[in-house]
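# Observations on chain architecture
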Amino acid sequence: MAMAEKLCLTAAFVFFMTGLLTGIWKYWCMANSPKAAAPRYVDIAHRSSLMYSFAALLLGWFASHSVHPDWLNTLGAVCALGFFALAIGTYIVHGVLRDTSNQLRKPHRLGVMTLPSWTVHSFMVALIVAEVGGSLILGTGAMMSIW
């Protein structure tokens, strides 16, 4: 099994377990809330972890069929999976801190701190480039293989 496939499968497991554990957290919040609702970013952390786990499996399938060299597939996997993990981590942090219901609303809050707008904007641009770019590498390699 190539390194990109191993990384994708490992990430799928970690993201899936994170989804299950944040699901327990979400349930606990709902059970202890007068409105039976979890904080927004607890819910987002739970759902995104589960969705990213299946996205990681898909990327692993792409990697297993890709005609690109192993180093390029590994780079694509690391870029996409790394930013999947950073996104989940950000949601968990906001869920723990309960500091916002919209991380993109200005002013950008992180706990009691206010972040400069350029940091959030830069992170989002990097996330877009890494997730789309990494997925594009793996996906095009697989498409070239099957067609």
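Here goes a summary of the coordinates provided.

Reading the values: rules and limits
Residues numbered from 1 in each chain as written. Predicted model: local features only at pLDDT ≥ 70, side-chain atom pairs only at ≥ 80, totals over all residues. Heavy atoms only, no water. Helix = DSSP H or I, 4+ residues; strand = E, 2+ residues; numbered from the N terminus. Contact = heavy atoms within 4.5 Å. Areas by Shrake-Rupley, 256 points an atom, 1.4 Å probe, with all protein chains shown as cover. Salt bridge = Lys/Arg side-chain N within 4 Å of Asp/Glu carboxyl O. Buried < 20%, exposed > 50% of the residue type's maximum accessible area, 1.4 Å probe, protein only. Core = buried A, V, L, I, M, F, W, Y, C linked by side-chain atoms within 4.5 Å.

### Overview of the overall build of the protein chain
Scanning the protein chain for helices and strands turns up 4 helices and 2 strands. Reading the helices (α) and strands (β) of the protein chain from amino to carboxyl end gives α-α-α-β-β-α. C-alpha extents for the protein chain along the principal axes are approximately 55 × 35 × 20 Å. Restricting to contacts in the protein chain with at least 6 residues of sequence separation, those with at least 24 account for 74%. In the structure as shown, the protein chain presents an accessible area of about 8,500 Å², 73% of it carried by carbon and sulfur atoms.

### Section: the pattern of salt bridges
On inspection of all chains with the given rule, the structure shows 2 salt bridges. Here aspartate 43 and lysine 26 are joined by a salt bridge, their closest N and O atoms 2.5 Å apart. Taken as a pair, aspartate 43 in helix 2 (residues 40–65) and lysine 26 in helix 1 (residues 3–31) lie far apart in primary sequence, 17 residues in all. On the basis of relative accessible area, aspartate 43 is assigned to the buried category, the value being 18%. Its salt-bridge partner being aspartate 43, residue arginine 47 comes within 2.9 Å of it at the nearest N-O pair. One end of the pair is arginine 47 and the other is aspartate 43, both in helix 2 and 4 residues apart, which spans about a single turn.

### Side note on the nonpolar core
Judged by nonpolar contacts, the single largest core of 24 residues is most densely connected at Phe15, Leu59, Leu81 and Phe84. Elements supplying a minimum of two residues to this core: helix 1, helix 2, helix 3 (70–97) and helix 4 (117–146). Sorting elements by how many residues they give to this core places helix 3 first, with 8 residues. Setting aside residues no more than four positions away along its own chain, phenylalanine 84 makes contact with Phe15, Tyr52, Ala55, Leu59 and Glu131.

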